[in-house]
Amino acid sequence: MRQQAQSESVRWLAELRRSADALPDASVLVDQRGRIRWFNHTAGSLLGLFRPQDRGHELGARFAGTELGAWLRHGGMGPVTDIASPLPEGPRLGVMLIPVGRRARILLARDVSAISRLEQMRRDFVANVSHELRTPLTVIHGYLELLDPNDVPALAPVLDEMRTQSRRMGQIVEDLLTLSRLEAQQTAVDDRVAMAPMLASLLREAEALSQSRHRVELVRESRADLIGSSRDLHSAFSNLVSNAVRYTPTGGSIRISWRDVGEGAVYAVEDSGYGIPADHISRLTERFYRVSSSRSRATGGTGLGLSIVKHVLSLHQAELHIESRPGKGSTFSCEFPAARIQRTAT
Ligand code: ADP
């Protein structure tokens, strides 16, 4: 009787293994010490794991020197939607680590090459269209600037509107090209970005945009500098400044600040403006997402500013936090980790 139950269990186990081998996704069971205990057949074609030689290896060490290995070394935090396979010429992978029991884990990997290709096509298409539009727009804009409204006074308002719209189109194209460039980057450059001149220039920009319609203040509590791309960080920070000016009615106040928080530092722009209803906040960084299209357009917005901010911050491993109360104002904070902070004097 006992023998019959045992052979029944063995049959079950074999059937389970066959089913796991037939799955289109790679699954790798890792024990509490991080060692590879078992993996299915697909782990061979997607990750290059083969039985029996790869059993018992430490998972992170097995993939050392690859993008997957780096992700595992950083704790395998959160699912990753597009990463290179450790195999040369291998597919693009979506990976995640699932905790099992007390400390064991399963690494799941899926072939996302088709989605990745489509995503690349979308990126190329947007970049190409924007690039193609740049020259004709520059020509139209140039001719519009040459026309003198005094020659045909009746057409002056029309000419004025045409100039405004061609400038807006030009700005949309420039913002789309910036986004394409940021999307194509994997990491930011590691230059030292001096924050004192950066903050001074942001304050000047805020004052120039505001034209004395707001109280503008700079609070520099941190002496830290940043490590990253000066050009991209300036573009992100100045987008937040420009939004604060554009979405704060005359008489309001704007505060730009830079302060230490733990080992990291936070750049924030606080305004006493219109504010944003809570249900919009999670979507603000989507391309062309606007709470009020008319207000955005009236102030020369492209709807792309916060997407640029999000991309720049993610290239610097920083996070964007948005707090807002309708009618009271908003605070946009960029939190930089210790790894992006330089505190020593040069
Ligand atoms: P836009 O060019 O329209 O300003 P953004 O991507 O910079 O595009 O911002 C997206 C939307 O988020 C804006 O249209 C606006 O509705 C809202 N928003 C951004 N910053 C602020 C702010 N400081 N106060 C209120 N609303 C804001």
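Worth saying up front: this structure is predicted, and the values here are computed from it rather than measured. (Residues numbered from 1 in each chain as written. Predicted model: local features only at pLDDT ≥ 70, side-chain atom pairs only at ≥ 80, totals over all residues. Heavy atoms only, no water.)

*Asks:* What exactly am I supposed to notice about the site of the ligand here?
*Replies:* Around the ligand there are 21 residues in total, and Tyr247, Ser296, Thr302, Gly303 and Leu306 lie nearest to it. One of the side-chain N or O atoms of serine 296 is found 2.6 Å from an oxygen atom in the ligand. Within the backbone of leucine 306, one N or O atom sits 2.8 Å away from an oxygen atom of the ligand. If the ligand stood free it would expose 530 Å²; the protein chains cover 97% of that surface. If you list the elements that add at least two residues to the shell around the ligand, you get helix 8 (230–246), helix 11 (305–315) and strand 12 (329–336). (Near = heavy atom within 4 Å. Polar contact = N/O pair within 3.5 Å; in protein donor to acceptor, adjacent residues only side chain to side chain. Areas by Shrake-Rupley, 256 points an atom, 1.4 Å probe, with all protein chains shown as cover. Helix = DSSP H or I, 4+ residues; strand = E, 2+ residues; numbered from the N terminus.)

*Asks:* Any chance you could explain the nonpolar core here in plain terms?
*Replies:* For soluble globular proteins, nonpolar side chains are generally found buried alongside one another. Ranked by size, the top nonpolar core spans 44 residues in total, and within it Leu226, Leu233, Phe237, Leu240, Trp258, Tyr267 and Phe336 carry the most contacts. Sorting the residues of this core by element identifies helix 6 (156–184), helix 7 (195–210), helix 8, strand 9 (253–261), strand 10 (264–271), helix 11 and strand 12 as the ones contributing at least two each. Of all the elements, helix 8 adds the most residues to this core, at seven residues. When sequence neighbours within four positions are dropped, the list of residues in contact with leucine 233 reads Val193, Met198, Leu226, Gly228, Val312, His316 and Phe336. In terms of nonpolar packing, the next biggest core, distinct from the first, is built from 20 residues, Phe39, Leu47, Leu68 and Trp71 among them. (Core = buried A, V, L, I, M, F, W, Y, C linked by side-chain atoms within 4.5 Å. Buried < 20%, exposed > 50% of the residue type's maximum accessible area, 1.4 Å probe, protein only. Contact = heavy atoms within 4.5 Å.)

*Asks:* I tried to follow the environment of arginine 103 on my own but got confused; where do I start?
*Replies:* Tracing the backbone shows arginine 103 in the loop between strand 4 (92–100) and strand 5 (104–111). Given the relative accessible area of 60%, arginine 103 is considered exposed. As a C-alpha pair, arginine 103 and glutamine 32 span 71 residues in sequence and 4.7 Å in three-dimensional space.

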